[in-house]
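# Chain and residue survey
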Amino acid sequence: MTECIVLIRRFVKPERASEYEAWVARQPAVTAEGFIGKTLTRVDAHAELPAGLNSFHLAGNPGCVTFVMVERWASLAHFKAYVPRASTADQDEFELWPRQRAVLTVCSAAD
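Residues numbered from 1 in each chain as written. Predicted model: local features only at pLDDT ≥ 70, side-chain atom pairs only at ≥ 80, totals over all residues. Heavy atoms only, no water.

Now for the sheet that holds strand β3 (residues 65-73). The four strands are arranged β2-β3-β1-β4 in an open sheet whose pairing can be described as antiparallel. Of all the strands in the sheet, just β2 (35-42) and β4 (95-105) have a single pairing partner and so form its edges. The average angle at which neighbouring strand axes cross in this sheet is 15 degrees, direction not considered. (Pairing = 2+ DSSP bridges. Helix = DSSP H or I, 4+ residues; strand = E, 2+ residues; numbered from the N terminus. Axes fitted to C-alpha atoms, helices over the stretch in contact; angles between N-to-C directions.)

Below, the structure written as structure tokens:
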């Protein structure tokens, strides 16, 4: 089995960004088989970095705050088994645009 990383990009209403972060923090831990962990990140388009260090474009649509949840799974099969149980009931509450997902297969990793 090969570990995979799932990226979930969410386009949150600016006036709800802090509330969204707090909501994520209150969610129960994922206990699904094969789930390794997750990290919520926020795209900082205003980071004062040289152009070469800020060239990977993740920002969303104008007028939103872009968050990327990074989840680690033991395998793609574990993630696929979990997906039908995952809820999207919160989507309209916080988001301006539908969330987007990408699955990355881990080719190599260093500890």
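Here the narrative resumes.
Now for the packing of aromatic side chains. Considering all chains together, one arrives at seven aromatic pairs under this definition. Three or more aromatic residues joined by ring pairs form one cluster here, namely Tyr20, Trp23, Phe67 and Phe94. (Phe/Tyr/Trp six-rings, centres within 6.5 Å; stacked < 30°, edge-to-face > 60°.)

The next subject is the pattern of salt bridges. This structure, assessed with the given rule, holds five salt bridges. A salt bridge links Glu19 to Arg16; the shortest N-O distance between them is 2.8 Å. The shortest N-O distance in the salt bridge between Glu95 and Arg99 comes to 3.2 Å. Arg99 carries the same exposure label as Glu95, and that label is buried. A cluster of three or more residues bridged by salt bridges with shared partners is formed by Arg10, Glu95 and Arg99. (Salt bridge = Lys/Arg side-chain N within 4 Å of Asp/Glu carboxyl O. Buried < 20%, exposed > 50% of the residue type's maximum accessible area, 1.4 Å probe, protein only.)

Moving on: the nonpolar core. Counting residues in hydrophobic clusters, the biggest one holds 16 residues, and the most contacted among them are Val6, Tyr20, Phe67 and Trp73. Of all elements in the fold, only β1 (4-12), α1 (17-26) and β3 reach the threshold of two or more residues within this core. The residues touching Tyr20, leaving out its near neighbours within four places in the chain, are Arg10, Val12, Leu40, Phe67 and Phe94. (Core = buried A, V, L, I, M, F, W, Y, C linked by side-chain atoms within 4.5 Å. Contact = heavy atoms within 4.5 Å.)

This part is about the environment of Glu3. One can find Glu3 in the segment before β1. On the basis of relative accessibility, which here comes to 23%, the residue Glu3 falls in the partly exposed class. A C-alpha to C-alpha distance of 9.1 Å links Glu3 and Gly34, two positions 31 residues apart in sequence. In contact with Glu3, not counting residues within four places along its chain, are Ile36, Arg72, Trp73, Ala74, Ser75, Leu104, Thr105 and Val106.

This next bit is on α1. When we look at burial in α1, the residues that qualify are Ala17, Tyr20, Trp23 and Val24. All buried residues of α1 project into a common sector of 115 degrees when viewed along the axis, lining one side. Residues of α1 that are exposed and point over 90 degrees away from its buried face: Ser18, Ala25 and Arg26. (Arc of directions from axis to C-beta.)

Attention now moves to the side chain of Glu95. Tracing the backbone through its elements, the reader meets Glu95 in strand β4. Classification of Glu95 as buried rests on a relative accessible area of 6%. At a separation of 3.0 Å, a polar atom in the side chain of Glu95 contacts the side chain of Arg10. Leaving out residues up to four positions away in the same chain, Glu95 has contacts with Arg10, Phe11, Val12 and Lys13. (Polar contact = N/O pair within 3.5 Å; in protein donor to acceptor, adjacent residues only side chain to side chain.)

Just distances and angles here, no functional claims.
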